[in-house]
Amino acid sequence: MKTYKIAAIPGDGIGSEVVDAGVEVLKALAKRNGAFAFHFDHFDWGGEYYKRNGRMMPENGRDLIRNHDAILFGSAGHPEIPDHITLWGLRLAICQPFDQYANVRPTRILPGITSPLRAVKDKELDWVIVRENSEGEYAGVGGRVHQGSPLEAATDVAMFTRAGVERIMRFAFGLARSRPRKLLTVVTKSNAQRHAMVMWDEIAAEVAREFSDVTWDKMLVDAMTMRMVMRPQSLDTIVATNLHADVLSDLAAALAGSLGIAPTANLNPERKFPSMFEPIHGSAFDITGKGIANPVGTFWSAVMMLEHLGENAAAQRLMKAIERVTANPELHTPDLGGSANTRKVTDAVVSAIQAENA
């Protein structure tokens, strides 16, 4: 029997609650399947680790998880620690060195969930956002000088390389090709950002020639927000820079009903390093410990992890279980307007996994 070794990193806030739920569901799925198993190694890295040790993860942290088959991540963010420390000290400290350059965020209306958009009921909103995850606006290039003086200055340089843009474009075009509509929208801001974003556009056009069966168009990021709201049915696969896709994917999740249901895969497509799977909702300290966090985003992230591991039948079973549960309004957590708690939703997904017709 194949046993997958998974690094479980809950991180901060509700991260521990949803990762625990994800581990429970994955164990139930493996037991139901019978052809594979999971071994979970748990790592207590995050804000509390930082308060004890002065860093978000140990110096050899990446070496401890480098040989795992995948990483299940909760969240990074602590109210007592500056956000740039929690992000760069944990999540980005894993994503960037492990070259998880393709951040993939599917968005669609799940059964039983109501979009805030009046005309959207089902297939009118079915997207995958591909976020360049290794450079761009989050490359970390920049600095501060003359701190504390009237002459203080700070820079953050958006760093784009031809290699980085080419590989994310090829990934996005390839993903668009694999979907029924074979449609890709390239998000840009080349009217104002006349160097890096112009190169981004040029490389998109070059790569497009390799994918003649994919229809593609280009949108300025500000116009893209309007299109997502006003004409969601006109979109399918979307590729954007690190910052642009970060913002657009939160909007996408809200339009689909809640950030609580939204998944993420941080992929190293070449599989030289483990890929990382996480919900996008963050640490949500305002509801931490209340037992009402929505675990669906973590469960859907687990679906993406199973697909990455090649366990497609199990991924489909879990996705069907998720949809069966979201279809029941009595199993909606408060972010979806319901009163269910994390425990109730998790139990319902486990029961749906075990059902013969799942």
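As the structure is a computational prediction, the values presented were derived from the model and not from experiment.

Novice: I'd like to hear about the overall build of the protein chain, residue by residue, with values.
Specialist: From N to C terminus, the protein chain includes 11 helices and 12 strands. The C-alpha atoms of the protein chain give 20 Å as radius of gyration, which agrees with the globular expectation for 358 residues (21 Å, within 12%). Taking all contacts inside the protein chain whose residues are at least 6 apart in sequence as the whole, residues at least 24 apart take part in 75%. For the protein chain, the accessible surface area stands at approximately 15500 Å², while carbon and sulfur atoms represent 51% of it. When the 39 positive and 42 negative side-chain charges of the protein chain are each reduced to one mean point, those points stand 4 Å apart.

Novice: Give a detailed account of the packing of aromatic side chains, specifying residues and quantitative values.
Specialist: Tallying each qualifying case throughout the model produces 9 aromatic pairs. Look at Tyr-4 and Phe-36: their rings are 5.9 Å apart centre to centre, the planes differ by 65 degrees, and that puts the pair in the edge-to-face class. Note that Tyr-4 is positioned in strand 1 (residues 2–11) and Phe-36 in strand 2 (residues 36–42), a separation of 32 residues in sequence. Of the two residues, Tyr-4 and Phe-36, both sit in the buried class. Ring centres 5.6 Å apart and planes at 35 degrees place the aromatic pair Phe-38 and Phe-40 in the tilted group. Overall, the relative accessible area of 13% leaves Phe-38 in the buried class.

Novice: Can you break down the pattern of salt bridges residue by residue, with the values?
Specialist: Evaluation of the coordinates by the stated rule reveals 21 salt bridges. In this structure, Glu-80 and Lys-51 form a salt bridge, with 3.0 Å as the shortest nitrogen-oxygen distance. Within this pair, whereas Glu-80 is found in the loop between strand 3 (70–75) and helix 4 (83–95), its partner Lys-51 is found in helix 2 (residues 47–53), the two being separated by 29 residues in sequence. Classification of Lys-51 by relative accessible area gives partly exposed; the value is 44%. Salt bridges here are not isolated pairs; linked through shared partners, they connect Arg-162, Glu-166, Arg-170, Glu-206 and Glu-210.

Novice: Tell me about the side chain of His-332, residues and numbers included.
Specialist: Structurally, His-332 is set in the loop between helix 10 (312–326) and helix 11 (342–354). We classify His-332 as buried; its relative accessible area is 6%. Residues contacting His-332, with those up to four places away along its chain left out, are Gly-112, Ile-113, Thr-326, Gly-338, Ser-339 and Ala-340.

Novice: Explain the packing of helix 7 (residues 221–230) against helix 8 (residues 242–255) to me, using residue names and the numbers behind them.
Specialist: One can describe the packing of helix 7 onto helix 8 by two numbers: an axis separation of 11 Å at closest approach and a directional angle of 15 degrees. Between helix 7 and helix 8, the angle falls in the class roughly parallel. Relative to helix 8, helix 7 is oriented so that their crossing is right-handed. Counted together, Val-221, Met-224, Thr-225, Met-228 and Val-229 of helix 7 and His-244, Leu-248, Leu-251, Ala-252 and Leu-255 of helix 8 form the full contact between these two elements. Considered class by class, the residues forming the contact of helix 7 with helix 8 number 8 nonpolar, 2 polar and no charged.

Novice: Account for the sheet that holds strand 2, naming residues and giving values.
Specialist: A sheet is described by the order of its strands in space; here 10 strands give the open sequence 2-1-3-12-11-4-5-10-8-9, paired in mixed fashion. The strands lining the two open edges of the sheet, one partner per strand, are strand 2 and strand 9 (215–220). Geometrically, the sheet is characterised by an average inter-axis angle of 25 degrees between neighbouring strands, direction not taken into account. Sheet analysis places strand 4 (residues 102–108) next to strand 11 (residues 263–267), joined by 3 bridges and oriented antiparallel.

Novice: Quick one: what's the story with the nonpolar core, residue by residue and with numbers?
Specialist: The biggest cluster of nonpolar side chains holds 90 residues, and the ones touching the most others in it are Phe-38 and Leu-318. When residues in this core are grouped by element, the largest group, 9 residues, is from helix 9 (residues 296–309). Residues Trp-45, Met-57, Ile-65 and Leu-90 belong to the second largest nonpolar core, which totals 16 residues.

Novice: With reference to specific residues and values, describe the pairing of strand 2.
Specialist: Of the strand pairs in this sheet, strand 1 and strand 2 are connected by 7 bridges, and their pairing is parallel. Counted as the bridge partner of Lys-5 is His-39 from strand 2. Running through helix 1 (residues 15–33), the crossover from strand 1 to the neighbouring parallel element strand 2 is right-handed.

Reading the values: rules and limits
Residues numbered from 1 in each chain as written. Predicted model: local features only at pLDDT ≥ 70, side-chain atom pairs only at ≥ 80, totals over all residues. Heavy atoms only, no water. Helix = DSSP H or I, 4+ residues; strand = E, 2+ residues; numbered from the N terminus. Rg over C-alpha atoms; globule rule 2.2 N^0.38 Å. Contact = heavy atoms within 4.5 Å. Areas by Shrake-Rupley, 256 points an atom, 1.4 Å probe, with all protein chains shown as cover. Lys, Arg positive; Asp, Glu negative; His and termini not counted. Charge placed at Lys NZ, Arg CZ, Asp CG, Glu CD. Phe/Tyr/Trp six-rings, centres within 6.5 Å; stacked < 30°, edge-to-face > 60°. Buried < 20%, exposed > 50% of the residue type's maximum accessible area, 1.4 Å probe, protein only. Salt bridge = Lys/Arg side-chain N within 4 Å of Asp/Glu carboxyl O. Axes fitted to C-alpha atoms, helices over the stretch in contact; angles between N-to-C directions. Parallel < 35°, antiparallel > 145°, perpendicular 65-115°, else oblique. Left-handed = near helix turned anticlockwise from the far one by under 90°. Nonpolar A, V, L, I, M, F, W, Y, C, P; charged D, E, K, R; others polar. Pairing = 2+ DSSP bridges. Core = buried A, V, L, I, M, F, W, Y, C linked by side-chain atoms within 4.5 Å. Right-handed = clockwise from strand over helix to strand, strands pointing away.

Coordinates in, geometry out; function isn't part of it.
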